[in-house]
Amino acid sequence: MGMFSNILAKLGFGSDKVDAAKEAATAAAANPAAAAAQAAKVAAAPIPISDVDVMAKLEALAKANAEKLNWKTSIVDLMKLLGLDSSLAERKALATELGCPAEKMGDSAQMNMWLHKTVLQKLAQNGGNVPSELL
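One structure accompanies this document, and this report is about it.

Reading the values: the criteria
- Residues numbered from 1 in each chain as written.
- Predicted model: local features only at pLDDT ≥ 70, side-chain atom pairs only at ≥ 80, totals over all residues.
- Heavy atoms only, no water.
- Axes fitted to C-alpha atoms, helices over the stretch in contact; angles between N-to-C directions.
- Helix = DSSP H or I, 4+ residues; strand = E, 2+ residues; numbered from the N terminus.
- Parallel < 35°, antiparallel > 145°, perpendicular 65-115°, else oblique.
- Contact = heavy atoms within 4.5 Å.
- Nonpolar A, V, L, I, M, F, W, Y, C, P; charged D, E, K, R; others polar.
- Salt bridge = Lys/Arg side-chain N within 4 Å of Asp/Glu carboxyl O.
- Buried < 20%, exposed > 50% of the residue type's maximum accessible area, 1.4 Å probe, protein only.
- Left-handed = near helix turned anticlockwise from the far one by under 90°.

Another aspect to go through is the packing of helix H1 (residues 3–10) against helix H6 (residues 88–97). Running from N to C, H1 and H6 point in directions that differ by 100°, and their axes come no closer than 8 Å. Judged by the inter-axis angle, H1 sits roughly perpendicular to H6. For the pair H1 and H6, the contacting residues are Met 3, Phe 4, Ser 5 and Ile 7 in the first and Glu 90, Leu 94 and Glu 97 in the second. For the contact of H1 with H6, a count of residues per class yields four nonpolar, one polar and two charged.

This part is about the pattern of salt bridges. In total, this model carries two salt bridges according to the counting rule given. A salt bridge links Lys 72 to Glu 59; the shortest N-O distance between them is 3.3 Å. Placement of Lys 72 in the loop between helix H4 (54–64) and helix H5 (75–81) and of Glu 59 in helix H4 is noted, with a sequence separation of 13 residues between them. Assessed through its relative accessible area of 35%, Lys 72 is described here as partly exposed. Judged by relative accessible area, which is 26%, Glu 59 ranks as partly exposed.

Quick look at the environment of Ala 9 now. For Ala 9, the location among the structural elements is in helix H1. Sequence separation between Ala 9 and Leu 82 is 73 residues, and the spatial gap between their C-alpha atoms is 9.8 Å.

Following the sequence through the fold, Ser 86 ends up in the loop between H5 and H6. Judged by relative accessible area, Ser 86 falls into the buried class, the value being 13%. When neighbours within four sequence positions are excluded, Ser 86 is seen to be in contact with Val 76, Met 79, Lys 80 and Arg 91.

With that out of the way, let us pick up the environment of Lys 72. Residues Lys 72 and Leu 134, 62 residues apart in the sequence, show an inter-C-alpha distance of 6.9 Å. In this view, Lys 72 contacts Met 55, Glu 59, His 116 and Leu 134; residues no more than four positions away in its chain are not counted.

Between H1 and helix H8 (residues 108–125), the least distance of the axes is 11 Å, while the angle of their chain directions is 60°. As judged from the angle between their axes, H1 and H8 are oblique. When the axes of H1 and H8 are compared, the crossing they make is right-handed. Residues Phe 4, Ile 7 and Leu 8 of H1 form the contact with H8, whose participating residues are Val 119, Lys 122 and Leu 123. Among the residues forming the contact of H1 with H8, the class breakdown is five nonpolar, no polar and one charged.

And the structure:
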């Protein structure tokens, strides 16, 4: 699981897909023929992306956190808020995973700004409800 996948999981992205997969596995054990027919129907249908209210989830985490974190502008604080390692090595790994340009990787401040903006954009692309002022 990649670093960005960890961020998605911490914010509840895809949890409905995990539940659906568990239900399908249970149904397959009970009735393999019906499960195969259902799987064919699901494969033909587009998978809807569920909206995750990123702002509300992060605000709730911030309120519950004893430390005042500026997650709206800082990738370090955003990662801390999600309970992830925010070390430079981890941020570099995340930046590499998300395709940070090489010229930004050499300057941690530029990399951090790029990374924060890119993480929020990727959350929006994955069905997250992110306010435009944060993008």
